Amino acid sequence: MNNIKKELNMASKETRQDSIGRFISYFCITIIGVLVISIIYFITSRGLTMFFANHVKLSDFLLKTTWNPGTLDSHGKPEVGALPMIVTSFSVTILSAILATPFAIAVALFMTEYADKRGAKLLQSVIELLVGIPSVIYGYIGLSVVVPMIRHIYGGTGFGILAGTIVLFVMILPTITSLTVDSLRAVPQHYRQVSLSLGATKWQTIYKLILRVGTPGILTAIIFGMARAFGEALAVQMVIGNAAIMPKNLVSVASTLTSQLTTGIGNTVLGTFANNALWSLALVLLIMSLLFNTLVRIVGNKGAVKNERKNKQ
Amino acid sequence: MSKIITSENVSVYYGKQRAINNINLDFNVHNITALIGPSGSGKSTYLRCLNRMNDLINNVTVSGSIKLNGKDIFSPQMDIVNLRKTVGMVFQQPIPFPFSIYENVAYGLRLNGIKEKKILDVRIEKALRQSALWEEVKDSLHDNGFSLSGGQQQRLCIARVLAVEPEVVLLDEPTSALDPISSAQIEDTLVSLKNEFTFIIVTHNMQQASRISDWTAFFLDGKLEEYSATKKLFLNPDKEKTSDYLNGKFG
């Protein structure tokens, strides 16, 4: 009798398993949360040091064009104008996204609308392979193929925004393609049938219906691609030229936020002014990637609203 | 009475399996013809031959001849896009596009290159009036098509087809996903439009067939078992199997 009473008062085995499972998942979530918060806190505090401890004006940092944290200018102020890097980062990101998007959409359309199952699967694995190639390989190919080619055609060194754009184009193409494929596959098969039954050609169905319905997903794909391009360091560093000066044109040497960081961070000592300046660049990067994430959320939510309505019926 | 579609010896194979077998069936212009029969009897498969929607499925072969206004729809000269504009289709589930009501109806018109807003407005109002939806949506034309109820969505789909001004409209169990009131509205719509269009409707609902159709074809096991005027078929069928099916002895 006592035994039964005891058993009834105790949590059952299943309940205990449940609480152990819950504990493990909350524990992991907490660790990840702490990690994210500490990264953000660390970069923010380091990144802001230059403004508070060294009294650099934010407007100087964002708008001046000379980057030379080691020396002082004629007024005795440090030269930490990050505008050239910001401009270059945005240039390579936007140009490579513009270049990659049409290709990505074309490949995605081929995979979802034209290719048979085997062809689509083959392409899928090619794309996955492209995603998996380490960025140093892309950079190396850029350095040994793209840069000499540009040098041959346009003269100069061959390093610069154009070379960076071409390398990033290849790197973000698979990202944008596979996300676009997902969004086109999510367009219900019925829509295609209805469209054809109304007398649409296949091409009309694609551009009047499928692309239109898939637009939020395609935009998300492009933003993901841009986020990847903006954050890519190594491959870009190998082909951009790494001169922190305002780019004059697409084939003059330049430097992105990331390439400046990877080049400089090993050559400065923690706590020095030059090091603080680099942390401020990192802060800009962090803010940008948070911004890209928010954009993805907003665009994705717009698509979700549409889907919710669809499920309501 | 003139025939708009005539079909001879139509058989359909899914791979090697025969789904329908030597169907000979003619359709009168400006009539409603109902295709009835148990599930798997091939009535939907046959219906989908009439605007060549079976072409979209891999591994389907169609033999025999189907003529629309005397022209063979399987001949190489037949423009399949024009065929589908002449022979429209309404599906079992209401499938509006995730656009506004206006854009849903405009879809087929825009395919034909109609861009002028005035013409679009007129044609869209006409189509929505024909499908008896106009009064309910005239103030909310720019709302999303999914904001409508199921029955309204199906009438929107009918309006979308009618806007293209087809001669024949195929309906594949258009009311099976709807409640009785919505179904009745769609039945009324079809009856009121039969002077302008020819309707061919697949239905599981025998009462619906007897209410709205002029002719009824009874399909069984991929064959056309019996075809005659609806009144005759329901009151005095020639075949015993027809009578058994109508009385609910099987199916």
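Residues numbered from 1 in each chain as written. Chains lettered and ligands numbered in written order. Predicted model: local features only at pLDDT ≥ 70, side-chain atom pairs only at ≥ 80, totals over all residues. Heavy atoms only, no water.

1. A look at the nonpolar core
So, point 1. Residues Trp-67 of chain A together with Leu-35 and Tyr-46 of chain B are the most contacted members of the largest nonpolar core, which totals 133 residues.
So, point 2. The dominant element in this core, judged by the number of residues it contributes, is helix α12 (residues 273-312) of chain A, at 14 residues.
So, point 3. Taken domain by domain, the makeup of this core includes at least three residues from each of domain 1 (2-53) and domain 2 (80-312) of chain A.
So, point 4. Discounting chain neighbours no more than four positions away, the residues touching Tyr-46 of chain B are Ser-7, Val-10, Ile-20, Ile-23, Leu-25, Phe-27, Leu-35 and Phe-219 of chain B. (Core = buried A, V, L, I, M, F, W, Y, C linked by side-chain atoms within 4.5 Å. Buried < 20%, exposed > 50% of the residue type's maximum accessible area, 1.4 Å probe, protein only. Helix = DSSP H or I, 4+ residues; strand = E, 2+ residues; numbered from the N terminus. Domains from an automatic or database assignment. Contact = heavy atoms within 4.5 Å.)

2. Focus on helix α8 (residues 189-197) of chain A
One full turn of an α-helix is made of 3.6 residues, so residues set three or four places apart face in the same direction.
So, point 1. Burial in α8 of chain A covers these residues: Tyr-191, Arg-192, Val-194, Ser-195, Leu-196 and Ser-197 of chain A.
So, point 2. Among the residues trailing α8 of chain A, Gly-199 of chain A stands out with phi positive, at a value near 95°.

3. Let's talk about the environment of Gly-231 of chain A
All names here are of chain A.
So, point 1. Positionally, Gly-231 belongs in helix α9 (residues 202-231).
So, point 2. Since its relative accessible area comes to 44%, Gly-231 is described here as partly exposed.
So, point 3. Residues Gly-231 and Ala-100 lie 131 residues apart in sequence; the distance between their C-alpha atoms is 16 Å.

4. Some remarks on the UniProt feature "domain: ABC transporter" (unreviewed entry) in chain B
So, point 1. The feature "domain: ABC transporter" (unreviewed entry), as given by UniProt, occupies residues 5-246 of chain B in the numbering adopted here.
So, point 2. Across residues 5-246 of chain B, the secondary structure splits into 37% helix and 27% strand, with the terminal C-alpha atoms separated by 26 Å. (UniProt positions renumbered as here; feature names shortened; annotations may be inferred.)

5. Quick word on the confidence of the model for chain B
So, point 1. On average, residues of chain B score 92 in pLDDT, and 100% of them are at 70 or above.
So, point 2. By mean pLDDT, strand β5 (residues 71-72) of chain B is the weakest element of chain B at 90, and strand β8 (residues 198-202) of chain B is the strongest at 96. (pLDDT = per-residue confidence, 0-100.)

6. Focus: the domain arrangement of chain A
All names here are of chain A.
So, point 1. Structurally, chain A comprises domain 1 (2-53) and domain 2 (80-312).
So, point 2. In this structure, domain 1 and domain 2 have C-alpha centres spaced 35 Å apart.
So, point 3. The interface is formed by ten residues belonging to domain 1 together with ten residues belonging to domain 2.
So, point 4. Summing both sides of the interface, domain 1 and domain 2 together bury roughly 940 Å²; the carbon and sulfur share of this comes to 81%.
So, point 5. Taken as a group, Ile-43, Arg-46 and Met-50 account for 62% of the area that domain 1 buries against domain 2, more than any other trio of residues on that side.
So, point 6. Inspection of the region where domain 1 meets domain 2 yields zero salt bridges.
So, point 7. Taken together, the links from domain 1 to domain 2 amount to one residue pair in polar contact (both at pLDDT 80 or more).
So, point 8. A breakdown of the residues in the side of domain 1 that touches domain 2 according to their chemical character gives six nonpolar, three polar and one charged. (Buried area = accessible area lost by both parts, 1.4 Å probe. Salt bridge = Lys/Arg side-chain N within 4 Å of Asp/Glu carboxyl O. Polar contact = N/O pair within 3.5 Å; in protein donor to acceptor, adjacent residues only side chain to side chain. Nonpolar A, V, L, I, M, F, W, Y, C, P; charged D, E, K, R; others polar.)

7. Here's the deal with the side chain of Ser-11 of chain B
Residue and element names in this part refer to chain B.
So, point 1. Within the secondary structure, Ser-11 is located in strand β1 (residues 3-14).
So, point 2. Within the structure, Ser-11 has its side chain in polar contact with the backbone nitrogen of Asn-22 (distance 3.0 Å).
So, point 3. If we ignore the near neighbours within four places in the chain, the residues touching Ser-11 are Arg-18, Ile-20, Asn-21, Asn-22, Thr-61, Val-62 and Ser-63.

8. A few points about the packing of aromatic side chains
So, point 1. Tallied over the entire structure, the rule returns 16 aromatic pairs over all chains.
So, point 2. Look at Phe-90 of chain A and Phe-230 of chain A: their rings are 5.2 Å apart centre to centre, the planes differ by 65°, and that puts the pair in the edge-to-face class. Here the residue Phe-90 of chain A occupies a position in helix α4 (residues 83-114), and Phe-230 of chain A occupies one in helix α9, the gap between them amounting to 140 residues.
So, point 3. The exposure class assigned to Phe-90 of chain A is partly exposed, which follows from its relative accessible area of 30%.
So, point 4. Each residue in the set Tyr-191 of chain A together with Phe-97, Phe-99 and Tyr-107 of chain B is aromatic and connected to the rest through ring pairs, giving one cluster.
So, point 5. Above the face of the Phe-97 of chain B ring, Arg-160 of chain B is positioned so that its terminal group lies 4.4 Å from the ring centre. (Phe/Tyr/Trp six-rings, centres within 6.5 Å; stacked < 30°, edge-to-face > 60°. Lys NZ or Arg CZ within 6 Å of the ring centre and 35° of its normal.)

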